[in-house]
Amino acid sequence: MFKYEVLHVCKQSGARVGKFTTPHGEIITPVYMPVGTNAGVKGLVPEQVKATGASIMLSNTYHLYLRPGSEIVKQAGGLHKFMNWDRPILTDSGGFQVFSLSKMRKITDEGVTFSSYYDGSRHHLTPESDMDIQRDLGADIVMAFDECTAAGTDYRKCVRAMDRTLGWLDRCHSHGVGDNQMLFPIVQGNLYKDLRAESVKATAKYAKCGMAIGGLSVGEPKSEMYDMLDIMRPYYPEGQPIYLMGVGSPDCIVEGVMRGVDMFDCVLATRMARNGAAFTRQGNITVRNGAYKADFGKVEEGCDCYCCDNFSRAYIRHMLNVGEIAGGQLLSMHNIRHLIKLTEDIRQAILEDRFGDFYNDYIKGYNWSIKA
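Residues numbered from 1 in each chain as written. Predicted model: local features only at pLDDT ≥ 70, side-chain atom pairs only at ≥ 80, totals over all residues. Heavy atoms only, no water.

(A) Representation of the overall build of the protein within the structure. A count of helical and extended segments in the protein gives 15 helices and 17 strands. On C-alpha atoms alone, the protein measures out to a radius of gyration of 20 Å, which is about the 21 Å that the 2.2 N^0.38 rule sets for 372 residues. Seen through its principal axes, the protein has C-alpha atoms that stretch 60 × 50 × 40 Å. Long-range contacts, defined here as pairs at least 24 residues apart, represent 66% of the contacts in the protein between residues at least 6 apart. Summed over its atoms, the accessible surface of the protein is roughly 15,200 Å², and 50% of this surface lies on carbon and sulfur atoms. Of the charged side chains in the protein, 42 are positive and 43 negative, and the gap between their average positions amounts to 3 Å. (Helix = DSSP H or I, 4+ residues; strand = E, 2+ residues; numbered from the N terminus. Rg over C-alpha atoms; globule rule 2.2 N^0.38 Å. Contact = heavy atoms within 4.5 Å. Areas by Shrake-Rupley, 256 points an atom, 1.4 Å probe, with all protein chains shown as cover. Lys, Arg positive; Asp, Glu negative; His and termini not counted. Charge placed at Lys NZ, Arg CZ, Asp CG, Glu CD.)

Okay, structure coming up:
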């Protein structure tokens, strides 16, 4: 049911295009995955997400376990039926959310006891129960339960977290997932080069059809994240997709593909949209600003999204400033489509053996600091 095939490796850069076959369809990589944390991308219905060209969506085990409860999703027939999405779904294990959202938590080798982000109720998760929850959710790709550490955590604590993550991975693997599911192990090790190399080598042994890189983009400079990707790349399992968790800004996607990454996700696209900001190939712009009050051009010239085909910057600015949800909704469509179109263009450049040139031109022309 699961297969990854490398279709082409770019002669200029070593970046690759691949085809990932799952029970709910094929995913062509490199790919950006829109985030539907609570079983839905914020502000959009599934047909609108499909219109952006999305081939896979991500949801979160932590949030769905707490609300509405994995047993409710199971009764509905699994996430695909519950959210009316007939394409592949990936569920994060919730490990990152346990550690980042819960102030009251106790971590042991057995598992984690934590307080709900919503109502303070107490819960206990183990690698085994996490696999059971994700089996009930019914996603195609499930993540192993892991312990994430913040940037700046001391070496000793990072060693302990890495070792615990590997122990939990072994238990996730032994417990197993559903018949139509694929387990992705997660690499940890924080920003320590030796730990990252050790973790990826030990983790790769559990990778059957894909592996995830966790614990990056958690407060460190982007240059340090890229250094860690460079350290890990020689040890990735051959012929399998590599997923960089929680990373999905345009510049990070381009840099990540150059470093052997195939799959990306991030809430940034819709979060920026709700705050009135949009991606463009030259950098992000804040459409809410007064400079766009009488600007009747597209959010981004050349963009083929529904937002750009039908509405002006002036209209979207007006929607945002009068509090209409359509403003954030339209920019969400644009931002998601922008990232997916970027991965489409990257794939084409790889297939034509010119991704090295694409990379250089993109990085040279991209200015993240644009705030006009």
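Still to come is the rest of the account.
(B) A look at the environment of Gly 77. Tracing the backbone shows Gly 77 in the loop between helix H3 (70–75) and helix H4 (79–82). Linking Gly 77 and Leu 137, residues 60 residues apart in sequence, is a C-alpha distance of 8.5 Å.

(C) Representation of the environment of Phe 82 within the structure. By the secondary structure assignment, Phe 82 is in helix H4. Residues Phe 82 and Leu 101, spaced 19 residues apart in sequence, show a C-alpha to C-alpha distance of 25 Å. If sequence neighbours within four positions are ignored, Phe 82 has contacts with Ala 39, Pro 68, Val 73 and Ala 76.

(D) Layout of the layout of surface pockets. Each pocket or cavity is described by its volume, and for the largest pocket that value is around 1,000 Å³. Considering the residues around the largest pocket, the lining is formed by 44 residues, among which Phe 96, Gln 97, Gly 246, Val 267 and Arg 271 are closest to the centre. Contributing elements (two or more residues each) for the lining of the largest pocket: strand S5 (57–60), helix H5 (95–101), helix H9 (222–232) and helix H11 (268–274). Among the residues forming the lining of the largest pocket, the class breakdown is 19 nonpolar, 16 polar and nine charged. (1 Å grid on protein atoms, 1.4 Å probe; cavity = no way out; pocket = protein on both sides within 12 Å on 5 of 7 lines; lining within 4 Å. Points joined across faces, edges and corners; volume = space filled by probe spheres on them. Nonpolar A, V, L, I, M, F, W, Y, C, P; charged D, E, K, R; others polar.)

(E) Examining the side chain of Ser 55 more closely. Relative to the helices and strands, Ser 55 resides in the loop between helix H1 (46–51) and S5. Taking relative accessible area as the criterion, Ser 55 reaches 18% and is therefore assigned buried. Other than its neighbours up to four places away in sequence, Ser 55 contacts Glu 26, Ile 27, Val 31, Arg 87 and Pro 88. (Buried < 20%, exposed > 50% of the residue type's maximum accessible area, 1.4 Å probe, protein only.)

(F) Structural detail: the state of the cysteines. In this structure the tally under the stated criterion is zero disulfides. In this structure Cys 307 is not part of a disulfide, and its nearest cysteine sulfur, from Cys 305, lies 4.7 Å away. No disulfide involves Cys 308; its sulfur sits 3.7 Å from that of Cys 305, the nearest cysteine. (Disulfide = S-S within 2.5 Å.)

(G) Region of interest: the sheet that holds strand S9 (residues 122–125). A sheet is described by the order of its strands in space; here three strands give the open sequence S7-S8-S9, paired in antiparallel fashion. In the strand order of this sheet, the two ends are held by strand S7 (105–107) and S9, each with one partner. Averaged over all neighbouring strand pairs, the angle between strand axes comes to 15°, with direction disregarded. With four bridges joining them, strand S8 (residues 112–115) and S9 adopt antiparallel strand pairing. Its bridge partner being in S9, Val 112 is matched across the sheet by Leu 125. (Pairing = 2+ DSSP bridges. Axes fitted to C-alpha atoms, helices over the stretch in contact; angles between N-to-C directions.)

(H) View of the pattern of salt bridges. For the structure shown, the criterion picks out 19 salt bridges. In this structure, Lys 50 and Asp 86 form a salt bridge, with 2.9 Å as the shortest nitrogen-oxygen distance. Remark: Asp 86 occurs in the loop between H4 and strand S6 (89–92) and Lys 50 occurs in helix H1; sequence separation between them is 36 residues. Classification of Lys 50 as buried rests on a relative accessible area of 17%. Under the relative-accessibility criterion, Asp 86 is labelled partly exposed at 48%. (Salt bridge = Lys/Arg side-chain N within 4 Å of Asp/Glu carboxyl O.)

(I) Fine view of the pairing of strand S2 (residues 16–22). Of all seven residues in S2, five are buried, a share of seventy percent or more. Between strand S1 (residues 3–9) and S2, which pair antiparallel and follow one another directly, the connecting turn spans six residues, one of which, Gly 14, has a positive phi of 85°. A loop of two residues connects S2 with strand S3 (residues 25–29), the two strands running antiparallel in sequence.

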